[in-house]
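# Overview (structure and organization)
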Amino acid sequence: MAEDLKYPNASLYVLILAAEEVMGKNGLASVLNQGGLEYMAGKYPPNNLKQQVPFSLYGKIQQAIEDFYGPRGAKAILMRVGRALFRYSLHEQSKLLGFASLALKALPVNARMKLILSKIVKAGAEELSMPGAIEETSDAFIITRTACPCQFRERDPNIGVCDHVTIGTFQESLKWATGKNFRVKQTRCLNIGDDIDEFIVEKTPMDD
Ligand SMILES: [Zn+2]
């Protein structure tokens, strides 16, 4: 088992806000109760940058959502949570993520994509204990990381990749940066025995 790294409290705070937005207060409370996290129901973690949230807890909340809705239903919900997570992160933690100062308007779409994705990878590495990298090919960006809360989720590996929250976060960040929707898929996952998480972001927008 990997070392249980820590997230800042603010990361859990925005995850709770995002999950509430998607599932409702009562919905989230039901998920937490059923997932053995009843002590968290109806409560908010502190919104500060102290590194006090174990990866395992962050993963356990996502797993509770998957267990509650089933893998298929949970995928769409977790992606929506990821989208909301980006919006709350932008609002609550723009300094942490370094987005506030982004001058995007003058740039072509491809450069905007690269900039926002690189920012997220950098914030992941520097603030969230998730070392990662971004590569560019002619038709895609490939994002990898070597640590993730998914390493602490107990689930059937046959279900497949599980970082749908991350996919939603990438999609919403790209929408924010470019006004367009892009296809993002996870191709490798630490949870199912791969040595990295890997995400492919297609450069051609879905709306074109
Ligand atoms: Zn992962």
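For the structure, check the block above.
Now for a look at the structure at hand. Numbering of residues begins from 1 in every chain and follows the order in which that chain's sequence is written. Note on the predicted model: pLDDT of at least 70 is required for a residue's local features to be given, and 80 or more for side-chain atom pairs to be given and counted; whole-chain, interface and lining totals, by contrast, use all residues. Only hydrogens and water are set aside; all other atoms, that is, all heavy atoms of the structure, feed into the side-chain values.

### Brief notes about the coordination of the zinc ion
What counts, and what does not: Ligating atoms shown are N, O and S within 2.8 Å of the metal, or 3.2 Å for Na, K and Ca, and water is not included, meaning a site may look less than complete. Comment: elements are numbered from the N terminus, with helices defined as DSSP H or I runs of at least four residues and strands as E runs of at least two. Categorising residues by exposure relies on relative accessible area from a 1.4 Å probe, with only protein chains included: less than 20% of the type maximum marks a residue as buried, more than 50% marks it as exposed, and the intermediate range marks it as partly exposed.
For the zinc ion, the full set of protein donor atoms is Cys148 (SG), Cys150 (SG), Asp163 (OD) and Asp197 (OD), at a range of 2.0 to 2.4 Å. Binding-site remark: the zinc ion is held by donors from one chain whose sequence spacing is C-x1-C-x12-D-x33-D. Of this pair, Cys148 sits in the loop between strand 4 (140–145) and helix 4 (164–178) while Asp163 sits in the loop between strand 4 and helix 4, and the two are 15 residues apart along the sequence. Grouping residues by exposure puts Cys148 and Asp163 together as buried.

### Some remarks on unusual backbone geometry
Positive phi, normally seen in glycine, also occurs at Ser129, with a value near 55°. Mapped onto the secondary structure, Ser129 falls in the loop between helix 3 (109–127) and strand 3 (132–136). Overall, the relative accessible area of 24% leaves Ser129 in the partly exposed class.

### Brief notes about the pattern of salt bridges
Oppositely charged side chains may form a pair once their charged atoms are brought near each other. Condition: Basic side-chain nitrogens of Lys or Arg form a salt bridge, by our definition, when they fall within 4 Å of a carboxyl oxygen of Asp or Glu.
Under the definition given, this model contains 14 salt bridges. Between Glu66 and Arg153 there is a salt bridge; the shortest N-O distance is 3.1 Å. Pair noted here: Glu66 is in helix 2 (residues 55–97) and Arg153 is in the loop between strand 4 and helix 4, with a separation of 87 residues, a long-range link. For Arg87, the salt bridge goes to Glu172, with nearest N and O atoms at 3.1 Å. Pair noted here: Arg87 is in helix 2 and Glu172 is in helix 4, with a separation of 85 residues, a long-range link. On the accessibility criterion, Glu172 (12% relative accessible area) is buried. Three or more residues are tied together by salt bridges with common partners; here these are Glu21, Arg83, Arg87 and Glu172.

### Brief notes about the nonpolar core
This is how the line gets drawn: Think of a nonpolar core as a cluster: buried Ala, Val, Leu, Ile, Met, Phe, Trp, Tyr and Cys residues, connected wherever their side-chain atoms sit within 4.5 Å. By the convention used here, residues are in contact when the closest approach between their heavy atoms is within 4.5 Å.
Ranked by internal contacts, the top residues of the largest apolar core, which has 34 residues, are Leu12, Met23, Met40 and Ile61. Elements that contribute at least two residues to this core include exactly helix 1 (9–34) and helix 2. Take this core: its biggest share by element is 13 residues, from helix 1. For Leu12, the contacting residues outside a window of four places in its chain are Met40, Pro45, Val53, Leu57, Tyr58 and Ile61. Membership of the second largest hydrophobic core comes to 18 residues, among which are Phe141, Leu174, Val184 and Phe199.

### Focus on the packing of aromatic side chains
When we look at a pair of aromatic rings, we describe it by the centre distance and by the angle of the planes. Stated formally: Ring pairs are drawn from Phe, Tyr and Trp, using the six-membered ring of Trp, whenever the two centres fall within 6.5 Å, and their geometry is named by plane angle: stacked under 30 degrees, edge-to-face over 60, tilted for the rest.
Applying the stated criterion across every chain yields a total of 7 aromatic pairs. On the basis of an interplanar angle of 45° and a centroid distance of 4.6 Å, the ring pair of Tyr7 and Phe55 is categorised as tilted. Of this pair, Tyr7 sits in strand 1 (residues 6–8) while Phe55 sits in helix 2, and the two are 48 residues apart along the sequence. For the pair shown, Tyr7 and Phe55 are each scored as buried. Consider the rings of Tyr13 and Tyr44, whose centres lie 6.4 Å apart with planes at 65°: the pair is edge-to-face. Of this pair, Tyr13 sits in helix 1 while Tyr44 is found in the loop between helix 1 and strand 2 (51–54), placing the two residues 31 residues apart along the sequence.

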